[in-house]
Amino acid sequence: MELKRVAVTGLGAVTPLGNTAADTWQAMLEGKSGIDTITLFDSSTCKTHFAGEIKGLDMTELFDRKEMNRLDRYTRLAILSADEALRDSRLDLEQESLDSIGVIWGSGMGGMMTIESELTDFGRSNGIPHFSPFYIPKSIANMGGANISLRFGLKGICYTTVSACASSAHAIADAFNYIRLGKGTAIVTGGSDADITFSGIAGFNSMHANSVRNDSPETASRPFSKSRDGFVLSEGAACLILEEWEHAVARGATIYAEMVGAGMNADAYHMTAPDPQGTGAAKVMQAAIEDAGITPNEVDYINAHGTSTPLGDIAEVHAIQRVWGDDAYRLNISSTKSMTGHMMGAAGAVEALACILALRDGMVPPTINHAQEDNDEQIDSRLNFTFNQAQKRALRYALSNTFGFGGHNACLLFKHV
């Protein structure tokens, strides 16, 4: 069976760096940090007082009062990013067969804000237990994708992937495979999460997973640096429109990049820790490269998972060196989480978007917050982590790594057009 080619024809994003894909990308190239003091709740009793919050976003422009009450924040972010991506793609939904356009979405936590608020308020009214009738449909993890389908009348395949931080990368990989098998014209795909809550911050604090660098929030996410002390929890959403290539060309669509490969596997090692040798991560990168029918030396840029955790960064570097050997020194590697923080289930989609725009513009976004004296002796300093400043470079292929709690690994590969 001959596989279809897959084009990326639309992008949308809502992140701590900007409320559109263009604003997010420009902030990445400028090396800006989206991390600041938490305002969404009182964090005074938590060990961490900062996060990557979305700023200056008026959701009432797209949602009326009833929708604001009925939709969790992660669902609203999903719809906002999908609305931008669909407009960007110029798909005329009135002329397209909506049965052939689907939604495959990712979310690691679903409606965590709703769950926390409902359980906190439970029984406060005259001592009588009470839940909102919207509690379940607001909180379950499939509602981001479901409400995209409902809002735009998309009647093709529709489901949600839930694999912790790898959720949206898995969604994009599934959408890619679905289209190239000839089972759909276009897929709205990506992911969203909004987990900046008391239980989110305190829960990760109890695991010693997130940074406690309260004296300098904007520099707290410092992937590949010796002084890193954990990730920075963030919220956000990103959406890609993946479209069958010939359909995109026929309608004169702007094609950002071609998606050419995807890999998915599991570490089968530990619930939260990575395989220290990066065995699964290496294999998933190899799988994506083989899926595309290319060789490792054709890849120029890796957007690393790079969460700024002590174990994770080292394991990922081991994996890269296992796949590329000495050729790894030729690569540009960067972690945009140094700027965005970790958007959990949305991370893979935001970082795929960064790869796509890096290919388009021939610019590699930086890994910020690194000082020369902060080199980690366990990480090969000869590797080019694109520290602190974007680098201009003609790129052929860009690869995005995403790894999630539970040992979920996903890798996406894009080609310059």
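The residue count restarts for each chain, going from 1 along the sequence in the order it is written. Under the rules for a predicted model, residues below a pLDDT of 70 receive no local features and side-chain atom pairs below 80 are neither given nor counted, while totals for whole chains, interfaces and linings still include all residues. Hydrogens are left out, water is left out, and the side-chain values use all remaining heavy atoms of the structure.

Draft legend 1. Quick peek at the nonpolar core. Membership of the largest hydrophobic core comes to 48 residues, with the highest contact counts inside it found for Leu11, Leu240, Leu242, Met259, Leu412 and Phe414. Contributing elements (two or more residues each) for this core: strand S1 (6-14), helix H1 (21-29), helix H7 (167-180), strand S7 (236-244), strand S8 (257-266), helix H13 (347-361) and strand S14 (408-415). Think of it this way: any DSSP run of H or I at least four residues long counts as a helix, any run of E at least two long counts as a strand, and we number them from the N terminus. At ten residues, H13 tops the list of elements feeding residues into this core. Nonpolar cores are built from buried Ala, Val, Leu, Ile, Met, Phe, Trp, Tyr and Cys residues. Side-chain atoms within 4.5 Å join them into one set. Think of it in three bands: with a 1.4 Å probe and only protein chains considered, a residue is buried below 20% of the maximum accessible area for its type, exposed above 50%, and partly exposed in between. In this structure, Ala281, Met285, Leu331 and Ile379 belong to the second largest nonpolar core, which totals 29 residues.

Draft legend 2. Main features of the sheet that holds strand S9 (residues 299-303). Read from one edge of the open sheet, ten strands run S5-S4-S6-S7-S1-S8-S14-S13-S9-S10, paired in mixed fashion. Strands at the two margins of the open sheet, each flanked by one partner only, are strand S5 (158-161) and strand S10 (332-334). Between one strand axis and the next, the sheet turns through 25 degrees on average, direction left out of account. Should any heavy atoms of two residues lie within 4.5 Å, those residues are counted as being in contact. Axis definition: a line fitted to C-alpha atoms, over the contacting stretch in the case of helices. Angles run 0 to 180 degrees between N-to-C directions. The sheet contacts of helix H3 (residues 73-89) involve S1, strand S4 (101-106), strand S6 (186-193) and S7, and relative to S1 the element is tilted by about 135 degrees. Strands are labelled as partners when DSSP assigns at least two bridges between them.

Draft legend 3. Representation of H13 within the structure. Look at H13: 21 Å from first C-alpha to last across 15 residues, which is about the 21 Å you get at 1.5 Å a residue. Of all 15 residues in H13, 13 are buried; the element is thus mostly enclosed. One or two residues past the end of H13 sits Gly362, with phi positive at roughly 65 degrees. In this scheme, a helix's expected span is set at 1.5 Å multiplied by one less than its residue total.

Draft legend 4. Here's a closer look at unusual backbone geometry. The phi torsion at His208 lies on the positive side, around 60 degrees, for a residue other than glycine. Following the sequence through the fold, His208 ends up in the loop between helix H8 (198-206) and S7. The class of His208 is exposed, set by a relative accessible area of 63%. At Ala268, a residue that is not glycine, the phi angle is positive and equals roughly 50 degrees. As for its placement among the helices and strands, Ala268 is situated in the loop between S8 and helix H10 (279-292).

Draft legend 5. Broad picture of the packing of aromatic side chains. Two rings from Phe, Tyr or Trp (for Trp, the six-membered ring) form a pair when their centres are within 6.5 Å of each other. A pair whose planes differ by under 30 degrees is stacked, one over 60 is edge-to-face, and the rest are tilted. Going through the model one piece at a time under the given rule, you end up with six aromatic pairs. Summarising the aromatic geometry, the rings of Phe204 and Phe405 are spaced 6.5 Å apart at their centres and angled 55 degrees between planes, so their arrangement reads as tilted. On the criterion of sequence distance, the pair formed by Phe204 in helix H8 and Phe405 in the loop between strand S13 (397-404) and S14 is long-range, its members being 201 residues apart. Centroid distance Phe385 to Phe387: 5.5 Å. Interplanar angle 40 degrees. Geometry classified as tilted. Classification of Phe385 by relative accessible area gives buried; the value is 2%. Among the residues examined, Phe387 registers a relative accessible area of 26% and is labelled partly exposed. Aromatic rings pair up to connect Phe204, Phe231 and Phe405 into one cluster. In our convention, an over-ring charge means Lys NZ or Arg CZ found within 6 Å of a ring centre and within 35 degrees of that ring's normal. Over the ring of Trp245 we find Arg5, and its NZ or CZ is 3.9 Å from the ring centre.

Draft legend 6. Spatial organisation of a nonpolar patch on the surface. Put simply, a patch holds well-exposed residues, over 30% relative accessible area, that have no salt bridge, with like charges counted together within 9 Å and Val, Leu, Ile, Met, Phe, Trp or Tyr side chains within 5 Å. Using a 1.4 Å probe, accessible areas were evaluated by the Shrake-Rupley method; residue-level cover was limited to the displayed protein chains. By convention in these notes, a salt bridge is any Lys or Arg side-chain nitrogen within 4 Å of a carboxyl oxygen on Asp or Glu. Taken together, Ile115, Leu119, Phe122 and Phe131 make up a surface patch of nonpolar side chains, about 330 Å² in accessible area. Looking at the element boundaries, Leu119 is found in helix H4 (residues 112-121).

Draft legend 7. Region of interest: the layout of surface pockets. Cavities and pockets are defined on a 1 Å grid built over the protein atoms alone: a cavity is a set of grid points where a 1.4 Å probe fits but cannot escape, while a pocket is an open set with protein on both sides within 12 Å along at least five of seven lines, and lining residues are those with an atom within 4 Å of any such point. Grid points are joined across faces, edges and corners, and a volume is the space filled by probe spheres set on the points. Volume-wise, the largest pocket comes out at about 550 Å³. Around the largest pocket, the lining is made up of 37 residues, and of these Thr272, Pro274, Thr309, Gly312 and Phe405 lie nearest the centre. When contributions to the lining of the largest pocket are tallied by element, the ones reaching two or more residues are H10, helix H11 (310-324), S13 and S14. The element contributing the most residues to the lining of the largest pocket is H11, with six residues. Partitioning the lining of the largest pocket into residue classes produces 15 nonpolar, 17 polar and five charged. What the second largest pocket holds in volume is close to 230 Å³. Considering the residues around the second largest pocket, the lining is formed by 14 residues, among which Asn19, Leu57, Leu80, Asp83 and Arg87 are closest to the centre. Only Asp, Glu, Lys and Arg are considered charged, only Ala, Val, Leu, Ile, Met, Phe, Trp, Tyr, Cys and Pro nonpolar, and every remaining residue, Gly among them, polar.

Draft legend 8. Highlighting the pattern of salt bridges. Applying the stated criterion across every chain, the model contains 19 salt bridges. Among the ionic pairs, Lys337 bridges to Glu351, the shortest N-O distance being 2.8 Å. Highlighted residues: Lys337 in helix H12 (residues 337-340) and Glu351 in helix H13, separated in sequence by 14 residues. The exposure classification of Lys337 matches that of Glu351, with both residues buried.

Draft legend 9. The environment of Asn177, seen in detail. Mapped onto the elements of the fold, Asn177 is located in helix H7. Taking relative accessible area as the criterion, Asn177 reaches 22% and is therefore assigned partly exposed. Between the C-alpha atom of Asn177 and that of Ala262, which follows or precedes it by 85 residues, the distance is 8.4 Å.

Draft legend 10. Highlighting the pairing of S9. Burial of S9 is extensive: five of the five residues sit out of reach of the surface. Pairing of S9 with S13 involves four bridges; the strand directions are parallel. Each residue of the ladder has a partner; that of Asn303, found in S13, is Ser400. As paired elements, S9 and S10 share three bridges and run parallel to each other. When the sheet's bridge partners are listed, Ile302 is paired in S10 with Ile333. For the handedness criterion, the strands are oriented away from the viewer, and a crossover whose path from the first strand over the helix to the second runs clockwise is classed as right-handed. In terms of handedness, the path from S9 via H11 over to S10 forms a crossover that is right-handed.

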